[in-house]
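# Analysis of the macromolecular model
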Amino acid sequence: MNKEQKIFLLLSKLTLSDQERKLIQECTVDEDIHWEQIFIYSIHHNNTAVIYKNTIDSDIKLKNGWNRVFKMYFHANKLRNQEVYAVVTPILNAIYEEGIKVIPLKGGILNHTVYKDYGLRHSSDFDLLIEEKDSNQITKILISFGFVQSKSKPKNGIINPASRKIKAFHKMWTHELVPFVKKTNHTLVDFVEIDIQFDIFSRAKNMRVSFPIERLFKTAKPFEMFGAKSKCYILNPEYNLIQLCSHVFQDNTMLQNIQHFKDHKVRDFVDIYEFVKMNEETIDWDLLSLEIKGSKINEILYFCLYNSEQLFGGFVPIQFLEQIKPSESSITDQYGLEEAEQYIWKKPFVQRIFDMSRYEEIKNIDPSKLVESKRFFEVIASEK
């Protein structure tokens, strides 16, 4: 890695040791650091606000006004998230009052438990986990709040409702409903999108996981968000970690996500690192090992935890990683897992993080072999 890449990774973590802060200060003394390149990395990897926080906490003065650029992004992101949460709060309460267990996922819960500052983590949507039996009731509630199910991106302020065909296909192929979208009048938030998931694992061919999903809801605990203004539920730490890893695994190994540039985002691996660091005293690693033994979940966790350690150093019990290590160690570099034949990246993970030319590898794959991806994209294209 070059010096900008090294500094970017150092500044990407939410929690830094004194030794790491000292190392950052030593690295940033160099007058020839290209902060514009670090800013570009931060935008691509969705980590701009955390980098701003760390430069302030470490008293780093950026040249050419880059402090102001990072600062404006942080405050704009905070205002944006506050607007999204203002829209989501009454919806969560309405769902809770109906006796439905609704569980915020990813950024929706991490902003309140790990980051603890609305400005530090950017989210493009708000993810909720429900039981599949509650899908119709949730749909009615969201429609009553002015949301529309739509798969295509809104144009000129107009939301095009999804067809029955795309709703049925989306539910069968993925683990979620077609997104719910609502227009706002806020400068920083044109539309609020809520994603409703009824599983934490992909239902794509060759990626399905056998796991009693009802166990997540039986062990979920009541939780209050947005300064106790709304009520919902939260997963226990072990299942929350599985969910985080499952999401990151899908974005990094499924061709449909890679072709939409959702893969290799440092922010996603920061989420995993910071969640484990915050819960390292409460996660029951022995229980987790038993829960996932003999299933594909061990591959999912190993992929995410191993690659997170490639970026940030060891933070997972060595014995646990050894217990869940797949027989096929190449899993950490595989992609196209929804297809009959999988593929291996040519470059190692840390190099891929900063190498946008990695997408050239995909162009060399014989299209006739991408049966599942082709089917998915054809149906989505017909909707547009």
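Structure: see above.
In short, a report on the structure.

Procedures and definitions
Residues numbered from 1 in each chain as written. Predicted model: local features only at pLDDT ≥ 70, side-chain atom pairs only at ≥ 80, totals over all residues. Heavy atoms only, no water. Phe/Tyr/Trp six-rings, centres within 6.5 Å; stacked < 30°, edge-to-face > 60°. Helix = DSSP H or I, 4+ residues; strand = E, 2+ residues; numbered from the N terminus. Lys NZ or Arg CZ within 6 Å of the ring centre and 35° of its normal. Pairing = 2+ DSSP bridges. Buried < 20%, exposed > 50% of the residue type's maximum accessible area, 1.4 Å probe, protein only.

### Focus: the packing of aromatic side chains
- The tally for this structure, following the rule as stated, stands at 21 aromatic pairs.
- Relative to F126, the ring of Y85 has its centre 6.0 Å away and its plane inclined at 80°; by these criteria the two rings are edge-to-face. Separated by 41 residues along the polypeptide, Y85 in helix α5 (residues 66-97) and F126 in strand β2 (residues 126-129) bring together distant segments of the chain.
- Joined through ring pairs, the aromatic side chains of Y85, Y118, F126 and F226 make up one cluster.
- Here the basic side chain of K171 rests over the ring of F198, its NZ or CZ set 6.0 Å away from the ring centre.
- Stacked on the ring of F211, the Lys or Arg R215 has its end atom at 5.7 Å from the ring centre.

### Focus on the pairing of strand β5 (residues 189-197)
- By the bridge criterion, four bridges tie β2 to β5 in an arrangement that is parallel. The residue of β5 that forms the bridge with D127 is D195.
- Pairing of strand β4 (residues 180-186) with β5 involves five bridges; the strand directions are antiparallel. Looking at the pairing, K183 lines up with F191 of β5.
- The antiparallel hairpin formed by β4 and β5 contains two residues in its connecting segment.

### What about the environment of V316?
- Topologically, V316 is positioned in the loop between α14 (297-312) and α15 (318-324).
- Since its relative accessible area comes to 7%, V316 is described here as buried.
- Sequence separation between V316 and Y273 is 43 residues; the distance between their C-alpha atoms is 8.9 Å.

### Things to note about unusual backbone geometry
- If you check the backbone angles, D59 has positive phi at about 55° while not being a glycine.
- By the secondary structure assignment, D59 is in the loop between α4 (48-57) and α5.
- The backbone of K116 shows a phi angle near 55°, a positive value even though the residue is not glycine.
- In this structure, K116 sits in the loop between α6 (107-113) and β2.
- Taking the relative accessible area as the measure of exposure, K116 reaches 62% and is therefore exposed.

### Observations regarding the sheet that holds β4
- Read from one edge of the open sheet, five strands run β1-β2-β5-β4-β3, paired in mixed fashion. Looking at which strands have only one partner, the edges of the open sheet turn out to be β1 (103-105) and β3 (148-149).
- By the bridge criterion, two bridges tie β3 to β4 in an arrangement that is antiparallel. The residue of β4 that forms the bridge with Q149 is F180.

### Re the pairing of strand β6 (residues 221-225)
- Summarising the sheet, β6 and strand β7 (residues 230-234) pair through five bridges and their orientation is antiparallel. Note that in β7 the partner of M225 across the bridge is S230.
- Between β6 and β7, which follow one another and run antiparallel, lie four residues, and F226 among them has a positive phi close to 55°.

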